[in-house]
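# Structure at a glance
Listed below, chain by chain, are the residues.
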Amino acid sequence: IIKIKKNILDMVLDSIVDYMPRDIIKRNKLCSINFALEKIHFPKSLNELKVAKYRLVFDELLLLQLTLMRIKQRMISYNNAIILENNKGLSDFIKRLPFTLTGAQEGVLNEIINDLENSIPMNRLVQGDVGSGKTIVAIIALYKTIINGCQGAFMAPTEILAEQHYSSLLQLLEPMGVRIGLLTGSLARNKKLELIKEIREGKIDIVIGTHALIQEEVSFKCLALVITDEQHRFGVRQRAILAEKGKNPHVLVMTATPIPRTLALILYGDLDISIIDKLPPGRKEIKTYSLYSQERDKAYAFAQKQLQLGRQIYVVCPLIDETENIEAKGAMEIYQELASTYFANYKVGLLHGKMKANEKDYIMKQFLDNKINVLVATTVIEVGVNVPNASLMIIKNAERFGLAQLHQLRGRVGRGHSQSYCILLHNNKSKVARERIKIMESTNDGFIISEKDLQIRGPGEFLGLRQHGLPELKIANLFKHVKILKRVQLQIEDLLKNDFYLSLPENMLLNERLNEKLKDFEGL
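### Regarding the overall build of the protein
If you tally the helices and strands in the protein, you get 21 helices and 13 strands. Across the 524 residues in the protein, those meeting the buried criterion constitute 53%. Only carbon and sulfur atoms are counted for the fraction: they give 52% of the accessible area of the protein, which is about 24,600 Å².

And the structure:
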(Lines give C-alpha, C1' and ligand atoms only; values in the text may rest on other atoms or scores of the structure.)
Protein backbone atom coordinates (compact mmCIF):
# COMPACT_ATOMS: atom_id res chain seq x y z
CA ILE A 1 0.00 0.00 0.00
CA ILE A 2 2.86 2.38 0.80
CA LYS A 3 4.32 1.62 -2.65
CA ILE A 4 0.97 2.31 -4.34
CA LYS A 5 0.62 5.61 -2.48
CA LYS A 6 4.15 6.61 -3.48
CA ASN A 7 3.45 5.80 -7.15
CA ILE A 8 0.16 7.74 -7.16
CA LEU A 9 1.80 10.78 -5.58
CA ASP A 10 4.65 10.68 -8.11
CA MET A 11 2.10 10.52 -10.93
CA VAL A 12 -0.17 13.36 -9.81
CA LEU A 13 1.78 15.84 -7.69
CA ASP A 14 3.16 17.87 -10.60
CA SER A 15 -0.26 18.29 -12.17
CA ILE A 16 -2.15 19.49 -9.06
CA VAL A 17 -2.92 23.21 -9.18
CA ASP A 18 -3.42 24.94 -5.84
CA TYR A 19 -6.98 26.30 -5.77
CA MET A 20 -6.53 28.29 -2.57
CA PRO A 21 -6.13 32.06 -3.21
CA ARG A 22 -2.58 33.27 -2.49
CA ASP A 23 -3.80 35.89 -0.04
CA ILE A 24 -5.48 33.22 2.13
CA ILE A 25 -2.36 31.01 1.99
CA LYS A 26 -0.19 33.93 3.10
CA ARG A 27 -2.50 35.25 5.84
CA ASN A 28 -3.03 31.83 7.41
CA LYS A 29 0.56 30.58 6.95
CA LEU A 30 -0.59 27.58 4.91
CA CYS A 31 1.78 25.31 3.01
CA SER A 32 1.08 24.47 -0.64
CA ILE A 33 -1.46 21.74 -1.41
CA ASN A 34 1.29 19.63 -3.08
CA PHE A 35 3.45 19.79 0.05
CA ALA A 36 0.43 18.91 2.23
CA LEU A 37 -0.58 15.88 0.14
CA GLU A 38 2.96 14.55 0.00
CA LYS A 39 3.86 15.11 3.64
CA ILE A 40 0.60 13.82 5.12
CA HIS A 41 1.73 10.43 3.71
CA PHE A 42 5.51 10.72 3.82
CA PRO A 43 6.61 13.31 6.40
CA LYS A 44 10.32 13.58 7.19
CA SER A 45 9.57 15.11 10.61
CA LEU A 46 6.70 15.67 13.05
CA ASN A 47 6.70 19.33 12.09
CA GLU A 48 6.16 18.52 8.39
CA LEU A 49 3.24 16.29 9.40
CA LYS A 50 1.75 19.08 11.54
CA VAL A 51 2.10 21.67 8.75
CA ALA A 52 0.51 19.30 6.18
CA LYS A 53 -2.35 18.38 8.49
CA TYR A 54 -3.09 22.02 9.30
CA ARG A 55 -3.44 22.85 5.60
CA LEU A 56 -5.77 19.87 4.91
CA VAL A 57 -7.96 20.53 7.97
CA PHE A 58 -8.19 24.23 7.03
CA ASP A 59 -9.19 23.31 3.45
CA GLU A 60 -11.82 20.83 4.52
CA LEU A 61 -13.50 23.18 6.99
CA LEU A 62 -13.32 26.12 4.58
CA LEU A 63 -14.97 24.12 1.79
CA LEU A 64 -17.64 22.70 4.11
CA GLN A 65 -18.56 26.14 5.46
CA LEU A 66 -18.52 27.72 1.99
CA THR A 67 -20.71 24.93 0.62
CA LEU A 68 -23.33 25.46 3.31
CA MET A 69 -23.21 29.20 2.70
CA ARG A 70 -23.66 28.62 -1.04
CA ILE A 71 -26.76 26.50 -0.30
CA LYS A 72 -28.07 29.32 1.89
CA GLN A 73 -27.24 31.84 -0.85
CA ARG A 74 -29.28 29.81 -3.35
CA MET A 75 -32.24 29.81 -0.97
CA ILE A 76 -31.94 33.56 -0.55
CA SER A 77 -31.87 33.94 -4.33
CA TYR A 78 -35.39 32.42 -4.43
CA ASN A 79 -36.62 35.91 -3.72
CA ASN A 80 -40.26 34.88 -4.09
CA ALA A 81 -41.61 33.53 -0.83
CA ILE A 82 -45.16 34.52 0.13
CA ILE A 83 -44.92 37.78 2.10
CA LEU A 84 -47.05 37.40 5.24
CA GLU A 85 -47.60 41.08 6.07
CA ASN A 86 -51.03 41.03 7.72
CA ASN A 87 -50.83 41.17 11.55
CA LYS A 88 -54.52 41.86 12.21
CA GLY A 89 -55.48 40.20 15.49
CA LEU A 90 -51.97 38.87 16.18
CA SER A 91 -51.20 41.03 19.23
CA ASP A 92 -54.71 40.32 20.63
CA PHE A 93 -54.03 36.60 20.27
CA ILE A 94 -50.69 36.96 22.13
CA LYS A 95 -52.41 39.00 24.90
CA ARG A 96 -55.05 36.26 25.31
CA LEU A 97 -52.46 33.54 25.97
CA PRO A 98 -52.68 32.08 29.50
CA PHE A 99 -49.11 33.23 30.23
CA THR A 100 -46.76 36.08 29.35
CA LEU A 101 -43.94 35.49 26.87
CA THR A 102 -40.41 35.75 28.25
CA GLY A 103 -38.00 38.35 26.84
CA ALA A 104 -36.08 35.51 25.11
CA GLN A 105 -39.30 34.26 23.45
CA GLU A 106 -40.25 37.77 22.33
CA GLY A 107 -36.79 38.33 20.82
CA VAL A 108 -36.96 35.11 18.79
CA LEU A 109 -40.58 35.80 17.79
CA ASN A 110 -39.60 39.22 16.42
CA GLU A 111 -36.86 37.62 14.31
CA ILE A 112 -39.40 35.11 12.95
CA ILE A 113 -42.02 37.81 12.22
CA ASN A 114 -39.42 39.89 10.30
CA ASP A 115 -38.52 36.79 8.28
CA LEU A 116 -42.18 36.02 7.47
CA GLU A 117 -42.71 39.57 6.20
CA ASN A 118 -39.83 39.18 3.73
CA SER A 119 -39.87 37.84 0.18
CA ILE A 120 -36.74 35.77 0.92
CA PRO A 121 -37.93 32.46 2.42
CA MET A 122 -37.21 32.15 6.14
CA ASN A 123 -34.80 29.36 6.98
CA ARG A 124 -34.37 29.57 10.74
CA LEU A 125 -33.29 27.22 13.51
CA VAL A 126 -34.72 27.85 16.98
CA GLN A 127 -32.63 26.25 19.70
CA GLY A 128 -34.05 26.22 23.18
CA ASP A 129 -33.54 24.05 26.19
CA VAL A 130 -36.19 21.58 27.30
CA GLY A 131 -39.21 23.57 28.54
CA SER A 132 -38.01 26.98 27.27
CA GLY A 133 -41.24 27.50 25.32
CA LYS A 134 -40.35 26.94 21.66
CA THR A 135 -43.78 25.50 20.81
CA ILE A 136 -45.73 28.65 21.64
CA VAL A 137 -43.41 30.69 19.40
CA ALA A 138 -44.16 28.19 16.60
CA ILE A 139 -47.93 28.44 17.27
CA ILE A 140 -47.83 32.26 17.00
CA ALA A 141 -45.91 31.96 13.69
CA LEU A 142 -48.57 29.52 12.43
CA TYR A 143 -51.39 31.87 13.45
CA LYS A 144 -49.70 34.73 11.55
CA THR A 145 -49.58 32.44 8.49
CA ILE A 146 -53.32 31.65 8.77
CA ILE A 147 -54.44 35.29 9.12
CA ASN A 148 -52.60 35.86 5.83
CA GLY A 149 -54.84 33.27 4.14
CA CYS A 150 -52.20 30.52 3.84
CA GLN A 151 -51.56 27.03 5.25
CA GLY A 152 -48.96 25.76 7.71
CA ALA A 153 -47.44 22.31 8.28
CA PHE A 154 -45.91 21.09 11.54
CA MET A 155 -43.85 17.87 11.43
CA ALA A 156 -42.99 16.00 14.65
CA PRO A 157 -40.84 12.85 15.01
CA THR A 158 -43.31 10.67 16.93
CA GLU A 159 -47.08 10.19 16.97
CA ILE A 160 -47.24 11.00 20.70
CA LEU A 161 -45.52 14.35 20.13
CA ALA A 162 -47.65 15.10 17.04
CA GLU A 163 -50.78 14.40 19.11
CA GLN A 164 -49.53 16.59 21.96
CA HIS A 165 -48.94 19.48 19.53
CA TYR A 166 -52.35 18.82 17.97
CA SER A 167 -54.15 19.17 21.31
CA SER A 168 -52.12 22.34 22.18
CA LEU A 169 -53.05 23.90 18.84
CA LEU A 170 -56.72 22.93 19.15
CA GLN A 171 -56.90 24.53 22.57
CA LEU A 172 -55.31 27.82 21.45
CA LEU A 173 -56.30 28.18 17.80
CA GLU A 174 -59.66 26.44 17.33
CA PRO A 175 -61.47 29.25 19.24
CA MET A 176 -59.93 31.63 16.67
CA GLY A 177 -61.67 29.69 13.87
CA VAL A 178 -58.51 27.89 12.69
CA ARG A 179 -59.12 24.45 11.11
CA ILE A 180 -56.53 21.92 12.24
CA GLY A 181 -55.82 18.38 10.98
CA LEU A 182 -53.69 15.54 12.39
CA LEU A 183 -52.02 13.23 9.87
CA THR A 184 -50.17 10.19 11.24
CA GLY A 185 -49.31 6.71 10.00
CA SER A 186 -51.90 5.06 12.21
CA LEU A 187 -54.84 7.03 10.80
CA ALA A 188 -57.41 4.75 9.13
CA ARG A 189 -57.07 4.73 5.31
CA ASN A 190 -60.49 6.29 4.58
CA LYS A 191 -59.93 9.06 7.18
CA LYS A 192 -56.46 9.68 5.78
CA LEU A 193 -57.78 10.07 2.21
CA GLU A 194 -60.51 12.43 3.41
CA LEU A 195 -57.97 14.55 5.32
CA ILE A 196 -55.54 14.63 2.35
CA LYS A 197 -58.42 15.86 0.13
CA GLU A 198 -59.27 18.63 2.62
CA ILE A 199 -55.60 19.70 2.81
CA ARG A 200 -55.39 19.84 -1.01
CA GLU A 201 -58.58 21.92 -1.22
CA GLY A 202 -57.41 24.32 1.51
CA LYS A 203 -60.19 23.34 3.93
CA ILE A 204 -57.53 22.63 6.57
CA ASP A 205 -55.37 25.56 7.70
CA ILE A 206 -52.73 23.73 9.75
CA VAL A 207 -51.66 20.11 9.41
CA ILE A 208 -49.70 18.46 12.19
CA GLY A 209 -48.15 15.11 11.50
CA THR A 210 -45.28 12.66 11.51
CA HIS A 211 -43.31 11.47 8.44
CA ALA A 212 -46.78 10.84 6.95
CA LEU A 213 -46.72 14.54 5.93
CA ILE A 214 -43.96 13.95 3.39
CA GLN A 215 -45.79 11.16 1.52
CA GLU A 216 -46.17 11.84 -2.17
CA GLU A 217 -49.99 11.94 -2.05
CA VAL A 218 -50.01 14.89 0.38
CA SER A 219 -50.30 18.27 -1.37
CA PHE A 220 -51.35 21.73 -0.21
CA LYS A 221 -53.39 24.53 -1.70
CA CYS A 222 -51.14 27.30 -0.36
CA LEU A 223 -48.37 26.12 1.99
CA ALA A 224 -46.46 29.14 3.33
CA LEU A 225 -44.84 27.90 6.57
CA VAL A 226 -43.18 24.56 7.35
CA ILE A 227 -42.11 23.75 10.92
CA THR A 228 -40.10 20.69 11.93
CA ASP A 229 -39.77 19.85 15.61
CA GLU A 230 -36.80 18.01 17.12
CA GLN A 231 -34.68 18.57 14.01
CA HIS A 232 -32.05 16.01 15.08
CA ARG A 233 -34.63 13.30 14.34
CA PHE A 234 -35.01 14.34 10.70
CA GLY A 235 -32.40 14.35 7.96
CA VAL A 236 -31.84 17.52 5.94
CA ARG A 237 -33.49 15.83 2.95
CA GLN A 238 -36.73 15.13 4.81
CA ARG A 239 -36.93 18.80 5.71
CA ALA A 240 -36.40 19.65 2.04
CA ILE A 241 -39.13 17.23 0.82
CA LEU A 242 -41.70 18.88 3.10
CA ALA A 243 -40.62 22.37 1.97
CA GLU A 244 -41.05 21.30 -1.67
CA LYS A 245 -44.79 20.88 -1.06
CA GLY A 246 -45.13 24.66 -1.26
CA LYS A 247 -43.72 27.38 -3.51
CA ASN A 248 -40.64 28.38 -1.48
CA PRO A 249 -42.40 28.26 1.91
CA HIS A 250 -40.82 29.75 5.01
CA VAL A 251 -39.05 27.07 7.08
CA LEU A 252 -38.72 27.00 10.87
CA VAL A 253 -36.70 24.25 12.51
CA MET A 254 -36.86 23.62 16.27
CA THR A 255 -34.60 21.59 18.51
CA ALA A 256 -34.27 21.04 22.25
CA THR A 257 -30.88 19.41 21.74
CA PRO A 258 -28.57 22.34 22.42
CA ILE A 259 -25.54 22.43 20.14
CA PRO A 260 -22.54 24.68 20.88
CA ARG A 261 -22.87 27.75 18.66
CA THR A 262 -19.64 27.25 16.69
CA LEU A 263 -20.78 23.78 15.72
CA ALA A 264 -24.31 24.94 15.00
CA LEU A 265 -22.86 27.36 12.45
CA ILE A 266 -21.28 24.42 10.62
CA LEU A 267 -24.06 21.93 11.12
CA TYR A 268 -26.83 24.36 10.25
CA GLY A 269 -24.74 26.59 7.98
CA ASP A 270 -27.77 26.91 5.70
CA LEU A 271 -29.94 28.30 8.52
CA ASP A 272 -30.15 31.48 10.61
CA ILE A 273 -29.90 30.64 14.30
CA SER A 274 -32.10 31.88 17.15
CA ILE A 275 -31.69 30.81 20.77
CA ILE A 276 -34.30 30.88 23.55
CA ASP A 277 -31.93 30.89 26.49
CA LYS A 278 -34.24 31.66 29.43
CA LEU A 279 -36.81 29.38 31.05
CA PRO A 280 -40.31 30.76 31.78
CA PRO A 281 -40.64 32.39 35.23
CA GLY A 282 -41.69 30.12 38.09
CA ARG A 283 -39.83 27.12 36.67
CA LYS A 284 -37.80 25.58 39.47
CA GLU A 285 -34.50 23.87 38.72
CA ILE A 286 -34.81 20.08 38.75
CA LYS A 287 -32.75 18.58 41.58
CA THR A 288 -30.75 15.60 40.32
CA TYR A 289 -29.25 12.83 42.47
CA SER A 290 -27.48 9.58 41.64
CA LEU A 291 -27.72 6.25 43.48
CA TYR A 292 -26.26 2.82 42.80
CA SER A 293 -28.87 0.39 41.48
CA GLN A 294 -28.68 -1.64 44.69
CA GLU A 295 -29.86 1.48 46.61
CA ARG A 296 -33.13 1.55 44.66
CA ASP A 297 -35.16 1.13 47.90
CA LYS A 298 -34.20 4.72 48.81
CA ALA A 299 -35.38 5.99 45.42
CA TYR A 300 -38.72 4.17 45.66
CA ALA A 301 -39.27 5.30 49.28
CA PHE A 302 -38.81 8.91 48.07
CA ALA A 303 -41.20 8.17 45.19
CA GLN A 304 -43.85 7.00 47.64
CA LYS A 305 -43.59 10.34 49.50
CA GLN A 306 -44.15 12.20 46.22
CA LEU A 307 -47.19 10.01 45.45
CA GLN A 308 -48.63 10.71 48.93
CA LEU A 309 -48.42 14.43 48.05
CA GLY A 310 -50.63 13.66 45.03
CA ARG A 311 -47.79 13.92 42.50
CA GLN A 312 -47.02 11.52 39.64
CA ILE A 313 -43.77 9.83 38.69
CA TYR A 314 -41.95 8.38 35.70
CA VAL A 315 -39.72 5.31 35.86
CA VAL A 316 -37.62 5.12 32.68
CA CYS A 317 -35.93 1.93 31.46
CA PRO A 318 -33.59 1.47 28.50
CA LEU A 319 -35.19 -1.70 27.08
CA ILE A 320 -38.61 -3.27 26.52
CA ASP A 321 -37.89 -6.96 27.07
CA GLU A 322 -35.27 -8.76 29.13
CA THR A 323 -32.43 -10.01 26.93
CA GLU A 324 -29.84 -12.45 28.17
CA ASN A 325 -26.79 -10.53 27.02
CA ILE A 326 -27.76 -7.19 28.52
CA GLU A 327 -27.96 -6.56 32.25
CA ALA A 328 -30.70 -3.95 32.04
CA LYS A 329 -34.13 -5.20 33.04
CA GLY A 330 -36.80 -4.76 30.41
CA ALA A 331 -39.60 -2.25 30.97
CA MET A 332 -42.14 -5.10 31.00
CA GLU A 333 -40.41 -6.85 33.89
CA ILE A 334 -39.88 -3.63 35.85
CA TYR A 335 -43.53 -2.71 35.34
CA GLN A 336 -44.68 -6.06 36.76
CA GLU A 337 -42.23 -5.84 39.68
CA LEU A 338 -43.18 -2.25 40.66
CA ALA A 339 -46.93 -2.82 40.27
CA SER A 340 -46.82 -5.79 42.66
CA THR A 341 -44.34 -4.41 45.24
CA TYR A 342 -43.38 -0.76 45.82
CA PHE A 343 -46.43 0.77 44.11
CA ALA A 344 -49.02 -1.95 44.77
CA ASN A 345 -51.41 0.71 46.19
CA TYR A 346 -51.16 2.92 43.13
CA LYS A 347 -52.16 2.72 39.48
CA VAL A 348 -49.08 1.80 37.42
CA GLY A 349 -49.01 2.16 33.61
CA LEU A 350 -46.61 0.90 30.93
CA LEU A 351 -45.58 2.75 27.78
CA HIS A 352 -43.11 1.60 25.11
CA GLY A 353 -42.35 2.01 21.42
CA LYS A 354 -43.74 -1.34 20.29
CA MET A 355 -47.28 -0.46 21.41
CA LYS A 356 -49.82 0.63 18.80
CA ALA A 357 -50.29 4.40 18.51
CA ASN A 358 -53.82 4.30 19.92
CA GLU A 359 -52.59 2.28 22.95
CA LYS A 360 -49.80 4.78 23.59
CA ASP A 361 -52.28 7.62 23.24
CA TYR A 362 -54.66 5.99 25.71
CA ILE A 363 -51.92 5.39 28.33
CA MET A 364 -50.53 8.91 27.92
CA LYS A 365 -54.02 10.40 28.23
CA GLN A 366 -54.58 8.39 31.43
CA PHE A 367 -51.29 9.68 32.84
CA LEU A 368 -52.14 13.24 31.82
CA ASP A 369 -55.52 12.95 33.60
CA ASN A 370 -53.83 11.55 36.75
CA LYS A 371 -55.61 8.19 36.35
CA ILE A 372 -52.16 6.59 36.24
CA ASN A 373 -49.86 7.56 39.12
CA VAL A 374 -46.65 5.81 38.05
CA LEU A 375 -45.67 5.52 34.39
CA VAL A 376 -43.03 2.92 33.55
CA ALA A 377 -41.70 3.85 30.11
CA THR A 378 -38.87 3.47 27.63
CA THR A 379 -37.33 6.54 25.96
CA VAL A 380 -40.54 6.94 23.94
CA ILE A 381 -41.31 9.73 26.45
CA GLU A 382 -38.06 11.53 25.63
CA VAL A 383 -39.69 14.19 23.50
CA GLY A 384 -42.47 16.58 24.13
CA VAL A 385 -45.06 15.09 26.45
CA ASN A 386 -46.10 17.69 29.01
CA VAL A 387 -47.51 16.49 32.38
CA PRO A 388 -47.28 19.38 34.91
CA ASN A 389 -48.18 17.15 37.89
CA ALA A 390 -45.21 14.78 37.31
CA SER A 391 -42.54 15.78 39.84
CA LEU A 392 -40.11 12.84 39.87
CA MET A 393 -38.28 10.83 37.27
CA ILE A 394 -36.31 7.71 38.18
CA ILE A 395 -33.98 6.61 35.36
CA LYS A 396 -32.83 3.02 35.66
CA ASN A 397 -29.46 1.96 34.19
CA ALA A 398 -28.63 5.64 33.65
CA GLU A 399 -25.16 4.65 32.42
CA ARG A 400 -26.79 3.27 29.26
CA PHE A 401 -27.99 6.70 28.11
CA GLY A 402 -26.05 9.51 26.45
CA LEU A 403 -25.87 12.85 28.23
CA ALA A 404 -28.13 14.65 25.76
CA GLN A 405 -30.73 11.90 26.13
CA LEU A 406 -30.59 12.01 29.95
CA HIS A 407 -31.09 15.78 29.77
CA GLN A 408 -34.05 15.40 27.38
CA LEU A 409 -35.66 12.79 29.64
CA ARG A 410 -35.16 14.87 32.77
CA GLY A 411 -36.94 17.74 31.03
CA ARG A 412 -40.22 15.82 31.19
CA VAL A 413 -40.53 16.77 34.88
CA GLY A 414 -40.32 20.28 36.34
CA ARG A 415 -43.19 21.52 34.18
CA GLY A 416 -45.50 22.46 37.04
CA HIS A 417 -45.03 24.73 40.07
CA SER A 418 -43.84 22.07 42.54
CA GLN A 419 -40.16 21.19 43.09
CA SER A 420 -39.16 18.36 40.79
CA TYR A 421 -36.48 15.70 41.06
CA CYS A 422 -34.55 13.25 38.92
CA ILE A 423 -32.87 10.16 40.40
CA LEU A 424 -30.28 8.35 38.28
CA LEU A 425 -29.94 4.68 39.25
CA HIS A 426 -26.71 3.32 37.83
CA ASN A 427 -24.11 0.55 37.86
CA ASN A 428 -21.18 2.85 37.26
CA LYS A 429 -18.24 0.80 36.17
CA SER A 430 -16.48 3.00 33.65
CA LYS A 431 -14.84 6.40 34.07
CA VAL A 432 -16.95 7.83 31.21
CA ALA A 433 -20.20 6.69 32.84
CA ARG A 434 -19.18 8.23 36.18
CA GLU A 435 -18.30 11.48 34.42
CA ARG A 436 -21.70 11.59 32.71
CA ILE A 437 -23.59 11.12 35.98
CA LYS A 438 -21.50 13.80 37.71
CA ILE A 439 -22.29 16.32 34.93
CA MET A 440 -26.03 15.59 35.21
CA GLU A 441 -25.94 16.23 38.97
CA SER A 442 -24.03 19.49 38.61
CA THR A 443 -26.03 21.38 35.94
CA ASN A 444 -29.42 21.82 34.29
CA ASP A 445 -27.95 23.90 31.45
CA GLY A 446 -28.40 22.06 28.16
CA PHE A 447 -25.60 24.01 26.45
CA ILE A 448 -23.03 23.05 29.10
CA ILE A 449 -24.26 19.45 28.87
CA SER A 450 -23.94 19.43 25.08
CA GLU A 451 -20.35 20.75 25.30
CA LYS A 452 -19.45 17.99 27.78
CA ASP A 453 -21.27 15.36 25.73
CA LEU A 454 -19.27 16.44 22.72
CA GLN A 455 -16.01 16.15 24.65
CA ILE A 456 -16.89 12.67 25.91
CA ARG A 457 -18.36 11.17 22.76
CA GLY A 458 -16.56 13.05 20.00
CA PRO A 459 -18.34 14.88 17.18
CA GLY A 460 -19.22 11.94 14.92
CA GLU A 461 -21.48 10.19 17.38
CA PHE A 462 -22.72 13.44 18.95
CA LEU A 463 -23.81 15.06 15.72
CA GLY A 464 -24.88 12.06 13.65
CA LEU A 465 -23.47 13.85 10.59
CA ARG A 466 -24.89 11.36 8.09
CA GLN A 467 -28.36 11.84 9.48
CA HIS A 468 -28.02 15.57 8.86
CA GLY A 469 -27.09 14.89 5.26
CA LEU A 470 -23.56 16.24 5.67
CA PRO A 471 -20.70 14.30 4.09
CA GLU A 472 -18.31 12.67 6.58
CA LEU A 473 -15.19 14.69 7.26
CA LYS A 474 -11.94 13.02 6.17
CA ILE A 475 -9.40 14.76 8.39
CA ALA A 476 -11.04 17.65 10.25
CA ASN A 477 -12.55 17.02 13.67
CA LEU A 478 -15.22 19.56 14.59
CA PHE A 479 -14.37 19.38 18.27
CA LYS A 480 -10.56 19.16 18.23
CA HIS A 481 -10.21 21.75 15.50
CA VAL A 482 -12.53 24.46 16.87
CA LYS A 483 -9.69 27.03 16.81
CA ILE A 484 -9.06 26.36 13.12
CA LEU A 485 -12.82 26.44 12.52
CA LYS A 486 -13.08 29.90 14.09
CA ARG A 487 -10.15 31.09 11.98
CA VAL A 488 -11.84 29.67 8.87
CA GLN A 489 -15.09 31.47 9.71
CA LEU A 490 -13.27 34.82 10.05
CA GLN A 491 -11.43 34.17 6.78
CA ILE A 492 -14.71 33.40 4.97
CA GLU A 493 -16.33 36.57 6.31
CA ASP A 494 -13.43 38.56 4.89
CA LEU A 495 -13.38 36.69 1.59
CA LEU A 496 -17.11 37.11 0.91
CA LYS A 497 -17.10 40.76 1.97
CA ASN A 498 -14.71 41.51 -0.90
CA ASP A 499 -15.97 38.96 -3.45
CA PHE A 500 -19.35 37.49 -2.55
CA TYR A 501 -19.69 35.32 -5.66
CA LEU A 502 -15.97 34.37 -5.82
CA SER A 503 -15.83 35.80 -9.33
CA LEU A 504 -12.52 37.70 -9.09
CA PRO A 505 -9.67 36.05 -11.06
CA GLU A 506 -7.76 35.11 -7.87
CA ASN A 507 -10.81 33.25 -6.49
CA MET A 508 -11.85 31.42 -9.67
CA LEU A 509 -10.08 28.14 -8.84
CA LEU A 510 -11.59 28.11 -5.34
CA ASN A 511 -15.01 28.67 -6.91
CA GLU A 512 -14.50 25.70 -9.26
CA ARG A 513 -13.45 23.49 -6.32
CA LEU A 514 -16.52 24.66 -4.43
CA ASN A 515 -18.83 23.70 -7.30
CA GLU A 516 -17.28 20.22 -7.33
CA LYS A 517 -17.86 19.99 -3.57
CA LEU A 518 -21.52 20.94 -3.98
CA LYS A 519 -22.07 17.65 -5.81
CA ASP A 520 -21.62 15.88 -2.42
CA PHE A 521 -24.75 17.70 -1.32
CA GLU A 522 -26.99 16.58 -4.20
CA GLY A 523 -30.62 16.62 -3.11
CA LEU A 524 -30.26 19.30 -0.46
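Read on for the rest.
### Describing the confidence of the model for the protein
When pLDDT is averaged across the protein, the result is 85; 88% of the residues are at 70 or more. Counting interchain partners and residues more than four positions distant, the pLDDT-below-50 stretch residues 461–469 has 29 contacts.

### Here we look at the packing of helix α15 (residues 403–410) against helix α16 (residues 431–442)
Each pair of packed helices can be described by the angle between their axes along with the distance between the axes. Remark: α15 packs on α16, axes separated minimally by 10 Å, with the N-to-C direction vectors making an angle of 35 degrees. By crossing handedness, the relation of α15 to α16 is classed as right-handed. Side by side, α15 and α16 meet where L403, L406, H407 and R410 of the first sit next to R436, I439 and M440 of the second. The residue makeup of the contact of α15 with α16, split by class, is 4 nonpolar, 1 polar and 2 charged.

### What to know about the packing of aromatic side chains
Using the criterion set out here, one finds 7 aromatic pairs in the structure. Residues F93 and Y143 carry aromatic rings whose centres are separated by 4.6 Å and whose planes lie at 35 degrees to one another, so their mutual orientation is tilted. Placement of F93 in helix α5 (residues 90–96) and of Y143 in helix α7 (residues 134–147) is noted, with a sequence separation of 50 residues between them. Residue classification places F93 among the buried residues on the basis of a relative accessible area of 3%. What makes Y143 buried here is its relative accessible area of 7%. Cluster of aromatic residues (ring-pair linked, three or more members): Y300, Y342 and F343. The positively charged end of K6 is found above the aromatic ring belonging to F42, 5.4 Å away from the centroid. A cation sits over an aromatic face here: R513 above Y19, 5.5 Å from the ring centre.

### So, helix α14 (residues 357–368)
The terminal C-alpha atoms of α14 lie 16 Å apart, and with 12 residues this matches the ideal 16 Å at 1.5 Å per residue to within 8%. Residues A357, K360, I363, M364, Q366 and F367 constitute the buried set of α14. At its buried positions, α14 is contacted by α8 (159–173), β9 (312–316), β10 (348–351), β11 (374–377) and β12 (390–395). Two residues or fewer after α14 comes N370, characterised by a positive phi angle close to 60 degrees.

Here is what the cut-offs are and how they apply
- Residues numbered from 1 in each chain as written.
- Predicted model: local features only at pLDDT ≥ 70, side-chain atom pairs only at ≥ 80, totals over all residues.
- Heavy atoms only, no water.
- Helix = DSSP H or I, 4+ residues; strand = E, 2+ residues; numbered from the N terminus.
- Buried < 20%, exposed > 50% of the residue type's maximum accessible area, 1.4 Å probe, protein only.
- Areas by Shrake-Rupley, 256 points an atom, 1.4 Å probe, with all protein chains shown as cover.
- pLDDT = per-residue confidence, 0-100.
- Contact = heavy atoms within 4.5 Å.
- Axes fitted to C-alpha atoms, helices over the stretch in contact; angles between N-to-C directions.
- Left-handed = near helix turned anticlockwise from the far one by under 90°.
- Nonpolar A, V, L, I, M, F, W, Y, C, P; charged D, E, K, R; others polar.
- Phe/Tyr/Trp six-rings, centres within 6.5 Å; stacked < 30°, edge-to-face > 60°.
- Lys NZ or Arg CZ within 6 Å of the ring centre and 35° of its normal.
- Expected span 1.5 Å × (residues − 1).

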